[in-house]
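Summary of the model geometry
Spelled out, the chains give:
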Amino acid sequence: DLTDPVLASEAELAFEGALRPRSLAEFVGQTRVRGQLQLLLTAATIQQRTPDHILLAGPPGLGKTTLAMIVAHEGGRPLRMSSGPAIQHAGDLAAILSSLVPGEVLFIDEIHRMARSAEEMLYLAMEDFRIDIMVGKGAGATSVPLDLAPFTLVGATTRAGLLPNPLRDRFGFTAHLEFYDEAELEQVLARAATLLGLDIDREAVAEIAGRCRGTPRIANRLLRRVRDYALVHTDRADLSAVRAALDLYDVDELGLDRLDRAVMQIILTRFGGGPVGLNTLAVSVGEESETIEAVVEPFLVRIGLITRTPRGRVATPAAWRHFGLASGETALP
Ligand code: ADP
């Protein structure tokens, strides 16, 4: 799906890799976070120590992996990449930690999905660069301490709230990434167009910026489809090419994709505008509630189509208008 901020094919990953900013200076937007990271990295360099552990929180596609790579690159440090789902036992984590070289940056994506037993090992590793390894079984089991090379952990999560407090507290710095505004997305797109050697009109760039869910990953992906469209149909990446390409791929004027619309449809038509609980919503659209909460909902809230209340999600008047319905109607056009 073109606007799914999570899914990425093999070709997609190669394409993303080519467009990834390599330094903080090239990284567009997130001005506050960039300044904070710059300070943290520079201070570590001056003191000749590994930078503090960093937690990056925010919806998919906003630059968490990119920032982890930049942290390694700016400090001239090697980078090891792993993810929560790949760490299902404490042993998986022990193998990674014990093979780190001094100063290495360890990136753990989706860190909230790591096994509990590994989490506990990580506490000690983050604090003292040490782990305890259990040797033997039953009454004869003993724990053997193992010193680790000093490292910097960069954890990424779509939901900081899911991390247990002891883990969250061990990060020296937490950055909350926000959706990008249109001016920033235009910069992301202009940079990508240059790298792709694509000649694109300004209005075309602005149109994509307004329809990419505030997400650089989606902006770049839409740009690629517009390039295809121009290649095949119009030989010019102009406003009409953008409109035609995005219509073809079912991206509406607000950038809502099929899942966003399905969620809105449920709230508006089946539940008369809400409130609807998260689990009910998830079951109704056949998605995991984590996806609804981490991917769909933050954007719908951000653009003012829903609000969160203690009793559930409620559609705003803007939502009724966007879907061309009067409050209380039950069919979408
Ligand atoms: P996340 O890890 O948060 O899901 P990524 O770091 O993988 O997101 O970013 C997805 C893509 O979006 C990257 O390949 C990169 O090209 C682009 N991107 C993300 N943030 C920025 C940014 N601030 N400036 C320019 N491009 C960005």
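Residues numbered from 1 in each chain as written. Predicted model: local features only at pLDDT ≥ 70, side-chain atom pairs only at ≥ 80, totals over all residues.

The name given to the chain in an unreviewed UniProt entry is Holliday junction branch migration complex subunit RuvB, with Agromyces salentinus as the source organism. In its Catalytic activity (unreviewed entry) section, the UniProt entry covering the chain states "ATP + H2O = ADP + phosphate + H(+)". Turning to the chain, the UniProt annotation filed under Sequence similarities (unreviewed entry) states: "Belongs to the RuvB family." (UniProt positions renumbered as here; feature names shortened; annotations may be inferred.)

We now examine the overall build of the chain. What the chain contains, in helices and strands, is 14 helices and nine strands. Over its C-alpha trace the chain gives a radius of gyration of 22 Å, about what one expects of a compact globule, namely 20 Å for 333 residues. Overall size of the chain, expressed as C-alpha extent along the three principal axes, is 70 × 45 × 30 Å. Across the 333 residues of the chain, 37% fall into the buried class. In the chain, once contacts between residues fewer than 6 apart in sequence are set aside, the share between residues at least 24 apart is 69%. (Helix = DSSP H or I, 4+ residues; strand = E, 2+ residues; numbered from the N terminus. Rg over C-alpha atoms; globule rule 2.2 N^0.38 Å. Buried ≥ 20, exposed ≤ 12 C-beta atoms within 10 Å, placed from the backbone. Contact = placed C-beta atoms within 7 Å.)

Time to look at the sheet that holds strand β7 (residues 173–176). Here five strands make up an open sheet; going across it, the order is β2-β3-β6-β1-β7 and the pairing parallel. The open sheet is flanked by β2 (79–83) and β7, the only strands paired with a single partner. Taken over all neighbouring pairs, the strand axes of this sheet differ in orientation by 15° on average, direction set aside. Of the pairings in the sheet, the one linking β2 to strand β3 (residues 105–109) comprises five bridges and is parallel in character. Paired with Ser83 across the two strands is Asp109, which belongs to β3. (Pairing = 2+ DSSP bridges. Axes fitted to C-alpha atoms, helices over the stretch in contact; angles between N-to-C directions.)

For the rest of this paragraph, the subject is the site of the ligand. The immediate surroundings of the ligand are formed by 20 residues, with Glu16, Gly63, Lys64, Thr65 and Thr66 found nearest. Elements represented by at least two residues in the shell around the ligand include exactly α1 (10–19), α3 (64–74) and α9 (216–234). Taken together, the residues of the shell around the ligand sort by class into nine nonpolar, seven polar and four charged. (Near = placed C-beta within 6 Å. Nonpolar A, V, L, I, M, F, W, Y, C, P; charged D, E, K, R; others polar.)

The N-to-C vectors of helix α11 (residues 258–270) and helix α13 (residues 289–302) enclose an angle of 80°; their axes lie 10 Å apart at closest approach. Relative to α13, α11 is oriented roughly perpendicular. Contacts from Leu259, Asp260 and Val263 of α11 reach α13 at Ile292, Val296, Phe299 and Leu300. The residue makeup of the contact of α11 with α13, split by class, is six nonpolar, no polar and one charged. (Parallel < 35°, antiparallel > 145°, perpendicular 65-115°, else oblique.)

The tendency in soluble globular proteins is for nonpolar side chains to be buried as a group. Formed by 42 residues in total, the largest nonpolar core has its most connected members in Leu189, Ile208, Ala219, Leu222 and Val226. Counting residues per element, the ones that place at least two in this core are α7 (182–196), α8 (202–209), α9, α10 (239–248), α11 and α13. For this core, the leading source of residues is α9, giving seven residues. If we skip the residues at most four places from it in the chain, Leu189 touches Val205, Ile208, Ala209, Ala219 and Leu223. Within the second largest apolar cluster, 39 residues are counted, among which are Phe27, Leu67, Leu106 and Leu163. (Core = buried A, V, L, I, M, F, W, Y, C linked by C-beta atoms within 7 Å.)

Turning our attention to the environment of Leu305. Within the secondary structure, Leu305 sits in the loop between α13 and β8 (306–309). Beyond its immediate chain neighbours, meaning those up to four positions away, Leu305 contacts Met264, Leu300, Ala315, Thr316, Ala318, Ala319 and His322.

Time to look at the packing of α7 against α8. Viewed as axis vectors pointing N to C, α7 and α8 meet at an angle of 120°, and their least axial separation amounts to 9 Å. Classified by the interaxial angle, the pair formed by α7 and α8 is oblique. Two packed elements cross with a definite hand, and for α7 against α8 that hand is right-handed. Contact residues: α7 offers Glu182, Leu185, Glu186, Leu189 and Ala190, while α8 offers Val205, Ala206, Ile208 and Ala209. Residue classes in the contact of α7 with α8 are distributed as seven nonpolar, no polar and two charged. (Left-handed = near helix turned anticlockwise from the far one by under 90°.)

A word on the UniProt feature "binding site: DNA" (unreviewed entry) in the chain. Mapped onto this numbering, the UniProt entry annotates "binding site: DNA" (unreviewed entry) at Arg308 and Arg313. Along the polypeptide, Arg308 turns up in strand β8. Given 15 C-beta atoms within 10 Å, Arg308 falls into the partly exposed group. Excluding anything up to four places from it in sequence, Arg308 contacts Val301 and Arg313. Along the polypeptide, Arg313 turns up in strand β9 (residues 312–315).

Time to look at unusual backbone geometry. The omega torsion of the bond from Gly274 to Pro275 falls at 5°, within 30 degrees of zero and hence cis. Residues other than glycine seldom take positive phi values, yet Phe129 does so here, at roughly 50°. Positionally, Phe129 belongs in the loop between α5 (116–128) and β4 (130–135). The exposure class of Phe129 is partly exposed, given the 17 C-beta atoms found within 10 Å.

As recorded in UniProt, the sites labelled "domain: AAA+ ATPase" (unreviewed entry) are residues 50–181. For residues 50–181, helix accounts for 29% and strand for 27%, while the C-alpha atoms at its two ends are 33 Å apart.

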